[in-house]
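Secondary and tertiary structure notes
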Amino acid sequence: MQWSLVIPLKPLARAKSRLADAVADGARPGLVLAFAQDTVAAVLECPEVADVAVVTDDPVAGRALAALGARIVPDEPAGGLNAALAHGASAVRAVRPEAAVAALNADLPALRPAELARVLTAAAEFPRAFLADAAAWGTTLLAAAPGRELAPAFGGASRARHRASGAAELAPGSVESVRRDVDTGDDLRVALALGVGPYTAAASASWTAPVPLAGQ
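Remember, it's a predicted structure, so these values are computed and weren't measured experimentally.

**Some thoughts on helix 2 (residues 59-68)**
If you check which residues of helix 2 are buried, you get Ala61, Gly62, Ala64 and Leu65. Buried residues in helix 2 make contact with helix 1 (28-44), strand 2 (49-55) and strand 3 (71-73). Sitting at the head of helix 2, aspartate 58 places a side-chain oxygen 3.0 Å from the backbone nitrogen of valine 60. Directly beyond the C-terminal end of helix 2, a positive phi value near 120 degrees is found at glycine 69.

**Regarding the UniProt feature "binding site: phosphoenolpyruvate" (unreviewed entry) in the protein chain**
Per the UniProt record, "binding site: phosphoenolpyruvate" (unreviewed entry) is annotated on Thr139, Gly155 and Ser158. The largest pairwise C-alpha distance within this set of annotated residues, which runs over 20 residues, is 8.0 Å, so the set is compact in three dimensions. Mapped onto the fold, threonine 139 is located in strand 6 (residues 139-144). A distance of 2.8 Å separates the side chain of threonine 139 from the side chain of serine 158, its partner in a polar contact. Within the fold, serine 158 resides in helix 5 (residues 158-164).

**Comments concerning unusual backbone geometry**
Residue lysine 16 is not a glycine yet carries a positive backbone phi of 60 degrees. Looking at the secondary structure, you find lysine 16 in the loop between strand 1 (3-8) and helix 1. Positive phi is not limited to glycine here, since alanine 151 has a value of about 50 degrees. Among the residues examined, alanine 151 registers a relative accessible area of 44% and is labelled partly exposed.

**Structural notes on the sheet that holds strand 4 (residues 100-104)**
Strand order in the open sheet formed by 7 strands is 3-2-1-4-6-5-7, with mixed pairing between adjacent strands. Two strands close off the open sheet at either side, each with one partner strand: strand 3 and strand 7 (168-169). In the sheet, strand 5 (residues 128-132) pairs with strand 7 via 2 bridges, with the strands oriented parallel. Counterpart to phenylalanine 130 in the pairing with strand 7 is glutamate 169. Those strands touched by helix 3 (residues 81-95) are strand 1, strand 2, strand 3, strand 4 and strand 6, and its axis lies near 150 degrees from that of strand 1.

**Some points on helix 1**
With 17 residues, helix 1 extends 24 Å from end C-alpha to end C-alpha; this agrees with the ideal 24 Å at 1.5 Å per step. Taking burial as the measure, the 17 residues of helix 1 include 13 buried ones, the bulk of the element.

Calculation notes
- Residues numbered from 1 in each chain as written.
- Predicted model: local features only at pLDDT ≥ 70, side-chain atom pairs only at ≥ 80, totals over all residues.
- Heavy atoms only, no water.
- Buried < 20%, exposed > 50% of the residue type's maximum accessible area, 1.4 Å probe, protein only.
- Helix = DSSP H or I, 4+ residues; strand = E, 2+ residues; numbered from the N terminus.
- Contact = heavy atoms within 4.5 Å.
- Polar contact = N/O pair within 3.5 Å; in protein donor to acceptor, adjacent residues only side chain to side chain.
- UniProt positions renumbered as here; feature names shortened; annotations may be inferred.
- Pairing = 2+ DSSP bridges.
- Axes fitted to C-alpha atoms, helices over the stretch in contact; angles between N-to-C directions.
- Expected span 1.5 Å × (residues − 1).

So this is what it looks like as structure tokens:
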């Protein structure tokens, strides 16, 4: 099964405010873009993926991610994360009506194509399926088979909401990079330890505050 992935991205200036403890405000937009670039680049290297649609209204991000090979879909609903994902899935299926569609977070800078492939292969066994984040609270990926609505419920305690919606919870082994989204300084520290992609690694040169260690 070949998947179309939908990746939402806020305007860079408004994204990842919780990283303020680790990254100066002036450096944060560039870091957020680097996360998205590493995410999209890894997704496009995954053999299970046919194409990628990024839902964003940020012109800088749009140009950078289109240069990597992503299709840019304007966030016409402007109704928040889940509306953007539903819109992106509809845009994908307007071109490929029988596409298998998966929503993926844009903040996975350590993403490994082989690990994503394992998750998508597991998801292909179910009408709808999801992968919980490393905190076991949220969701990093939600998948829908051909003919099934994505029905995203991201944000906050989305693991419980996706489970309650009837989506199967995936538990493949050795897929930490697909679970490791970055919202805080501690998240970033763990992602760096896993090994981030080249865009995030390069953006690290502009950081003006150290990434805090857990408990500090």
